[in-house]
Amino acid sequence: MGLFCYSFWRLYQAITERSEKQDWKKIIERISFVVGAITHFLLAYYAINLIFYFSTPKGGSEKGLARELLVLPFGEVITGIVALIIAGFGVYQIVIAVKEKFCKDMEIPADHKKAIVLISKFGLIARGIVFMMIGFFFMRASFYHDSSEAGGVAKAWVVLKELPYGDILMGIVAAGFIAFGIYGFVEALYKNHNRRTFLFGK
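Just so it is clear, the structure is predicted and the values come from calculations on it, not from any experiment. (Residues numbered from 1 in each chain as written. Predicted model: local features only at pLDDT ≥ 70, side-chain atom pairs only at ≥ 80, totals over all residues. Heavy atoms only, no water.)

**Regarding a nonpolar patch on the surface**
So, point 1. Where nonpolar side chains cluster on the molecular surface, the patch consists of Phe 8, Leu 11, Ile 15, Val 34, Ile 38 and Phe 41 and spans about 540 Å² of accessible area.
So, point 2. Within the residue set of the nonpolar patch, elements represented by two or more residues are helix H1 (2-16) and helix H2 (24-53).
So, point 3. Structurally, Phe 8 is set in helix H1.
So, point 4. The exposed category is assigned to Phe 8, whose relative accessible area is 52%. (Patch = residues over 30% accessible without salt bridge, like charges linked within 9 Å, V, L, I, M, F, W, Y side chains within 5 Å. Areas by Shrake-Rupley, 256 points an atom, 1.4 Å probe, with all protein chains shown as cover. Salt bridge = Lys/Arg side-chain N within 4 Å of Asp/Glu carboxyl O. Helix = DSSP H or I, 4+ residues; strand = E, 2+ residues; numbered from the N terminus. Buried < 20%, exposed > 50% of the residue type's maximum accessible area, 1.4 Å probe, protein only.)

**Observations concerning the environment of Tyr 190**
So, point 1. For Tyr 190, the position within the fold is in helix H7 (residues 166-190).
So, point 2. Once the C-alpha coordinates of Tyr 190 and Glu 107 are considered, the two residues, 83 residues apart in sequence, prove to be 5.3 Å apart.

**What to know about the confidence of the model for the protein**
So, point 1. Here the protein averages 77 in pLDDT, while 73% of its residues score no lower than 70.
So, point 2. Mean pLDDT in the protein bottoms out at H2, which sits at 66, and peaks at helix H5 (residues 110-144), which reaches 89.
So, point 3. Low pLDDT, under 50, characterises residues 54-58; the stretch is placed with 9 contacts to residues that sit more than four places away or in other chains.
So, point 4. A low-confidence stretch, residues 195-202 (pLDDT under 50), is modelled with 24 contacts involving residues beyond four sequence positions or located in other chains. (pLDDT = per-residue confidence, 0-100. Contact = heavy atoms within 4.5 Å.)

**Considerations on the side chain of Gln 93**
So, point 1. Looking at the element boundaries, Gln 93 is found in helix H4 (residues 75-98).
So, point 2. In this structure Gln 93 touches Leu 124, Arg 127, Gly 128 and Phe 180, once residues within four positions along its chain are discounted.

**Notes on the environment of Ala 87**
So, point 1. The residue Ala 87 is located in helix H4 in this model.
So, point 2. With 48 residues separating them in the primary sequence, Ala 87 and Gly 135 have C-alpha atoms 4.4 Å apart.
So, point 3. Look past the residues within four positions of Ala 87 in its chain and what remains in contact with it is Phe 131, Met 132 and Gly 135.

**Brief notes about helix H6 (residues 153-162)**
So, point 1. Three or more residues of H6 are buried, namely Val 153, Ala 156 and Leu 160. Projection of H6 onto a plane perpendicular to its axis shows the buried side chains occupying an angular sector of 50°, all on one side. Seen from the buried face of H6, the exposed residues on the opposite side, beyond 90 degrees, are Lys 161 and Glu 162. (Arc of directions from axis to C-beta.)

**Focus: the packing of aromatic side chains**
So, point 1. One pass over the full model with this rule turns up 6 aromatic pairs.
So, point 2. Here Phe 102 and Tyr 183 contribute two aromatic rings whose centre-to-centre distance is 5.8 Å and whose plane-to-plane angle is 85°, an arrangement assigned as edge-to-face. Of this pair, Phe 102 sits in the loop between H4 and H5 while Tyr 183 is found in helix H7, placing the two residues 81 residues apart along the sequence. Take Phe 102 and Tyr 183: they sit in the same class, and that class is buried.
So, point 3. For the pair Phe 143 and Tyr 144, a centre-to-centre distance of 5.0 Å together with 90° between the ring planes defines the contact as edge-to-face.
So, point 4. In this structure Phe 143 comes out as exposed when scored by relative accessible area, which is 66%.
So, point 5. Against the face of Phe 137 rests Lys 155, its NZ or CZ located 4.9 Å from the ring centre. (Phe/Tyr/Trp six-rings, centres within 6.5 Å; stacked < 30°, edge-to-face > 60°. Lys NZ or Arg CZ within 6 Å of the ring centre and 35° of its normal.)

Structural data, given as structure tokens:
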């Protein structure tokens, strides 16, 4: 239920939030909100299938999506575009983490700011890396016209585990996801609610 709520919140942000200045950075931010909404909706769907059917969706939701895209006219191109969007979202997460842009919309108490910023950066970077990996999987599906090449977070864990020092890398990324969870809580707690929106005014 929490994943569904997060998905709808990201969609709400994509529709309503704006700043006084509309430029390509704000457009990318909106796209990132939409990608986040879709991704977390798929994760929620995956979780529900695990709970009620005690098994993963047939072929996995990501493989199913790739399969549906590849049968479309120009399916390889469409799948490649989806791959670039997902990977671009991952890169964007890392950029806003490194540049600490996520701080501008939050009013964090000064005595907690250093620790909160450090944890949030760690979480966003870990999340960005996983999204870049998912984008890479979809790009392989596009290149080989094979939906089995696609994958999501579950496949990212498998790939990480197979790398040298895989257990350590998995531990680091898992800790990063915990940090991202903390970031989400902090964002909800210290969000600056005085920003204007399209639908509801100031």
